[in-house]
Amino acid sequence: MSDEEELSPLAAGAASLPPTLGEGCLLRFDPDELTDEMGADFDAPLTPES
């Protein structure tokens, strides 16, 4: 990687959406493509809070 690419604010701050499934009101992120680095943690069971 060159110094120009390394210092580019667009390269450092660019974000992209994960792949999606469905269309229209059924559009959602593909759960198989989500990772811990993206902030997705589905390992914990869903439990209602008391």
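Quick caveat, the model's predicted, so the values are computed rather than measured.

Engineer: Explanation requested: the overall build of the chain in the structure shown.
Structural biologist: When helices and strands are tallied, the chain shows two helices and two strands. Order of helices (α) and strands (β) in the chain, N terminus to C terminus: α-α-β-β. Across the 50 residues of the chain, 6% fall into the buried class. If you sum the accessible surface of the chain, you get close to 5000 Å²; carbon and sulfur atoms cover 56% of it.

Engineer: Just to check I follow, could you spell out the side chain of Asp-30 for this structure?
Structural biologist: For Asp-30, the position within the fold is in the segment after β2 (28-29). Buried charge without a salt bridge: Asp-30, with Arg-28 as the nearest opposite-charge side chain at an N-O distance of 7.7 Å. A polar contact of 3.1 Å, which involves the side chain of Asp-30, links it to the backbone nitrogen of Asp-32.

Engineer: Sorry, what's going on with the environment of Asp-30 here?
Structural biologist: Take Asp-30: its relative accessible area is 13%, and that puts it in the buried class. Taking the C-alpha atoms as reference points, Asp-30 and Pro-19, eleven residues apart in sequence, are found 5.8 Å from one another. Ignoring any residue separated from it by four or fewer positions in sequence, one finds Asp-30 in contact with Pro-19, Thr-20 and Leu-21.

Engineer: I tried to follow the confidence of the model for the chain on my own but got confused; where do I start?
Structural biologist: In regions of low pLDDT, the predicted coordinates are not meant to be interpreted in detail. For the chain, per-residue confidence averages 75 on the pLDDT scale, and residues scoring 70 or more make up 56% of the total. The element-level mean pLDDT for the chain is lowest in helix α1 (residues 3-7), coming to 57, with strand β1 (residues 20-21) highest at 94.

Engineer: Would you take a moment to explain the environment of Leu-34 for this structure?
Structural biologist: With respect to the helices, strands and loops of the structure, Leu-34 is situated in the segment after β2. Judged by relative accessible area, which is 22%, Leu-34 ranks as partly exposed. Counting along the chain gives 15 residues from Leu-34 to Pro-19, while the straight-line C-alpha distance between them is 8.6 Å.

Cut-offs used in this document
Residues numbered from 1 in each chain as written. Predicted model: local features only at pLDDT ≥ 70, side-chain atom pairs only at ≥ 80, totals over all residues. Heavy atoms only, no water. Helix = DSSP H or I, 4+ residues; strand = E, 2+ residues; numbered from the N terminus. Buried < 20%, exposed > 50% of the residue type's maximum accessible area, 1.4 Å probe, protein only. Areas by Shrake-Rupley, 256 points an atom, 1.4 Å probe, with all protein chains shown as cover. Lys, Arg positive; Asp, Glu negative; His and termini not counted. Salt bridge = Lys/Arg side-chain N within 4 Å of Asp/Glu carboxyl O. Polar contact = N/O pair within 3.5 Å; in protein donor to acceptor, adjacent residues only side chain to side chain. Contact = heavy atoms within 4.5 Å. pLDDT = per-residue confidence, 0-100.

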